[in-house]
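Listed here are the chains, written in short residue letters.
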Amino acid sequence: MNEKQTSELTVAGMTCGHCVASVTEELQEISGVNDVQVDLATGRVRFTAAQPVSDAEVQAAVEGAGYQLA
Ligand SMILES: [Cu+2]
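Reference entry: report on the structure contained in this document.

Rules of the game
- The residue numbers shown here count from 1 along each chain, following its written sequence.
- Two thresholds apply to this predicted model, a pLDDT of at least 70 for residue-level local features and 80 or more for giving and counting side-chain atom pairs, whereas whole-chain, interface and lining totals are computed over all residues.
- To get the side-chain values, all heavy atoms of the structure are used, and hydrogens and water are removed first.
- The pairing criterion is simple: DSSP has to find at least two bridges between the two strands.
- Starting at the N terminus, helices and strands are each numbered in turn, a helix being any DSSP run of H or I of at least four residues and a strand any DSSP run of E of at least two.
- Residues are treated as being in contact if the distance between any of their heavy atoms lies within 4.5 Å.
- A fitted line through C-alpha atoms represents every axis, and for helices the fit uses only the stretch in contact; the resulting angles, taken between N-to-C directions, go from 0 to 180 degrees.

As a further point, take the sheet that holds strand β4 (residues 68-69). Strand order in the open sheet formed by four strands is β2-β3-β1-β4, with antiparallel pairing between adjacent strands. Among the strands making up the open sheet, the edge pair consists of β2 (33-39) and β4. For strand β1 (residues 5-12) and strand β3 (residues 44-49), the ladder comprises six bridges, and the chain directions are antiparallel. Across the sheet, the residue bridging to Thr6 is Thr48, located in β3. Strands in contact with helix α1 (residues 17-28) are β1, β2 and β3; relative to β2, the strand with the most contacts, it is inclined by about 160°.

Here's what the structure looks like:
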C-alpha cells in the first residue's frame, strides 16, 4: 500500500569499510528500511523504506553506530 520512500543523509566520521558496515547494519534495524547504500568518500547515505521513518529513528541509528549526522 505504501510507496517506497528514498531518504538521503550525510554521516560524519566514517573512515573505513568497518564504519560503513556499522552504519549500514544499524540503519537496517529500523523497521521497513532496506537497500542501504553508503558512500564512504562523501559520507552520503541512501536508503529506501517501505514505511515512513522518522528523523529521530535515523539519528538514533547513526549515533548508535557511533557516528553523527553531518
Ligand atoms: Cu572505520
